Amino acid sequence: MTKNTKSIDDMMDYVRQLRRHTDGRRALHIRLSSLEKHFREEHYRRFVASNFRTLISNATATMFALPNADVMLLCKDTPEDVLDAHLSNIRRKYKDSEVVAGINAVQGVSDAFVEWFDLEENYQGFYEYAHQLAEQLKAGKDAPKKNPNTETMLPKKSPGMLEINNRPTERLKPAARLKMVMVEASNEKAAKDTRELDIDLLH
């Protein structure tokens, strides 16, 4: 891995600036480093960069090419399905990779090749992930294989769930015709049916 850490420092500077500007922002960490060695060659990396060129030129995305061949893409107001369409182009390019071929990709769901982040939902989780990634790259180690904050990532809340969660708590009223009846267990039948186990009963 190259000793040049400028792209790492630039990425972390940008991530810190987003602390108060997370509205509508998402991030993608594309792990080219997880692929077979020949898929990390320069022309493959150029393809990934050109694939996101329209988003970058429209000023809706910023991309960082990391020293280990990975790509970190940070977007603003870019729909999830638009990002997924770009990712589909990349997956097709790498369709011969055993890593990519073995993944059943689901839009918006992280896997071994792509890590998704919703900064509006959990900026802190993304910051910690990016910081760990930066430290490992500077130390010459591999990037994390899985998001360590998966358990702490906030689930997406649908409008329906938000409405339900915001409803005031109501105590149920007792039924008007409710009667309490004392039920006593009878041991007579149990006593009559009690007998030793035999082969027929076991069968």
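Higher on the page you've got the structure.
Note that this is a predicted model, so its numbers are computed, not measured.

1. A short note on the pattern of salt bridges
Then, number 1: Here the structure, examined in full by the defined rule, presents 6 salt bridges.
Then, number 2: Close ionic contact of Arg31 with Glu115 constitutes a salt bridge, the shortest N to O distance being 2.5 Å. Here Glu115 lies in strand β4 (residues 114–118) and Arg31 lies in the loop between β1 (25–30) and α2 (42–51), a separation of 84 residues in the sequence. You'll find Arg31 and Glu115 in the same group, each marked buried.

2. Description of the packing of helix α1 (residues 6–17) against helix α6 (residues 119–138)
Then, number 1: Following both chains from N to C, one finds α1 and α6 inclined at 165°, their axes separated by 10 Å at the closest point. If you check the angle between α1 and α6, you find them roughly antiparallel. At the point where α1 passes α6, the crossing takes the left-handed sense. Packed against α1, whose contacting residues are Ile8, Asp9, Met11, Met12, Val15 and Arg16, the element α6 presents Tyr123, Phe126, Tyr127, Ala130, His131, Leu133, Ala134, Leu137 and Lys138 at the interface.

3. Let's talk about the environment of Pro79
Then, number 1: Looking at the secondary structure, you find Pro79 in the loop between β3 (71–76) and α4 (80–93).
Then, number 2: For Pro79, a relative accessible area of 41% gives the class partly exposed.
Then, number 3: Taking the C-alpha atoms as reference points, Pro79 and Gly24, 55 residues apart in sequence, are found 9.0 Å from one another.

4. Quick notes on α2
Every α-helix carries 3.6 residues per turn, so stepping three or four residues along brings you back to the same face.
Then, number 1: Taken residue by residue, α2 has Tyr44, Val48 and Asn51 as its buried positions. For α2, the angular spread of buried residues about the axis comes to 65°, placing them on one side.
Then, number 2: If you follow the buried residues of α2, they end up packed against α3 (53–57), β3 and α4.

5. Things to note about the sheet that holds β4
Then, number 1: On the basis of which strands lie adjacent, the open sheet formed by 4 strands has the order β2-β3-β1-β4 and antiparallel pairing. On the outer flanks of this sheet lie β2 (61–65) and β4, each paired with one strand and no other. The sheet shows a mean angle of 15° between the axes of neighbouring strands, direction not considered.
Then, number 2: Pairing analysis gives 5 bridges linking β2 to β3, with the strands arranged antiparallel. In the strand pairing of β3, Ala65 is matched with Val71.
Then, number 3: Along the sheet, α6 makes contact with β1, β3 and β4, crossing β4 at roughly 135°.

Calculation criteria
Residues numbered from 1 in each chain as written. Predicted model: local features only at pLDDT ≥ 70, side-chain atom pairs only at ≥ 80, totals over all residues. Heavy atoms only, no water. Salt bridge = Lys/Arg side-chain N within 4 Å of Asp/Glu carboxyl O. Helix = DSSP H or I, 4+ residues; strand = E, 2+ residues; numbered from the N terminus. Buried < 20%, exposed > 50% of the residue type's maximum accessible area, 1.4 Å probe, protein only. Axes fitted to C-alpha atoms, helices over the stretch in contact; angles between N-to-C directions. Parallel < 35°, antiparallel > 145°, perpendicular 65-115°, else oblique. Left-handed = near helix turned anticlockwise from the far one by under 90°. Contact = heavy atoms within 4.5 Å. Arc of directions from axis to C-beta. Pairing = 2+ DSSP bridges.

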